[in-house]
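Here is what each chain is made of, one letter per residue.
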Amino acid sequence: MTNVLSFMDNIVSVTRFNRGEAVKIFEELKNTGAKVVMKNNAPVSVIMSPEQYQLLMEERENMGLLLEVQERGKNSENRKMYSLDDIMKQNGISRSEIAASEDPVFE
C-alpha cells in the first residue's frame, strides 16, 4: 500500500499549473522527487530536478555501455583477446610512462 501512496504523491494535475501553483509544485518536487504531470487522466510529462535528470542520463549511458560490452563479448568468442599488458608490450609502453603522461587536451 505504501508504494501506491508514494506513487500518488508524485502525480500532479496540469490544472494545478494553470491555477498558478507552479512554485508550490516545485517545492513539493524537492521533497518527494519526480512528478508525473497528468492531463485528462493521462500522463503527459515528467518533471524532476536537474540532479535527478543528470543521474538518470548517467545511468542510461552506463546501461548502453554495459549492453555494448555484452554484445562485443558475444561476438568475440572466436577472436584472440589481448590484455592491456600485452598491448603495452607490443607498443613499447610502460605503466610508468602512462602514469607520467599528461591528459590529452581537445580543442
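Computed from a prediction, not measured in an experiment: that's the story for all the values here. (Residues numbered from 1 in each chain as written. Predicted model: local features only at pLDDT ≥ 70, side-chain atom pairs only at ≥ 80, totals over all residues. Heavy atoms only, no water.)

### Points about the packing of aromatic side chains
- One pass over the full model with this rule turns up 1 aromatic pair.
- Summarising the aromatic geometry, the rings of Phe-17 and Phe-26 are spaced 6.2 Å apart at their centres and angled 65° between planes, so their arrangement reads as edge-to-face.
- Look at Phe-17 and you get partly exposed, because its relative accessible area is 23%. (Phe/Tyr/Trp six-rings, centres within 6.5 Å; stacked < 30°, edge-to-face > 60°. Buried < 20%, exposed > 50% of the residue type's maximum accessible area, 1.4 Å probe, protein only.)

### Quick look at the pairing of strand 3 (residues 42-47)
- The pairing of strand 2 (residues 35-39) with strand 3 spans 5 bridges and is classified as antiparallel. Within strand 3, the position partnered with Lys-39 by the bridge is Ala-42.
- Counting the residues between successive antiparallel strands, the hairpin from strand 2 to strand 3 contains 2 residues, one of them, Asn-40, with a positive phi of roughly 55°. (Pairing = 2+ DSSP bridges. Helix = DSSP H or I, 4+ residues; strand = E, 2+ residues; numbered from the N terminus.)

### Focus on the side chain of Arg-16
- Along the chain, Arg-16 turns up in helix 2 (residues 14-18).
- Apart from residues no more than four positions distant in its own chain, Arg-16 is found in contact with Glu-21, Ala-22, Lys-24, Ile-25 and Glu-28. (Contact = heavy atoms within 4.5 Å.)

### What about a nonpolar patch on the surface?
- Judged by side-chain polarity, Met-63, Leu-66 and Leu-67 come together as a nonpolar surface patch covering roughly 280 Å² of accessible area.
- In this fold, Leu-67 is placed in helix 4 (residues 50-75). (Patch = residues over 30% accessible without salt bridge, like charges linked within 9 Å, V, L, I, M, F, W, Y side chains within 5 Å. Areas by Shrake-Rupley, 256 points an atom, 1.4 Å probe, with all protein chains shown as cover. Salt bridge = Lys/Arg side-chain N within 4 Å of Asp/Glu carboxyl O.)

None of the figures reported here should be taken as evidence of function without further support.
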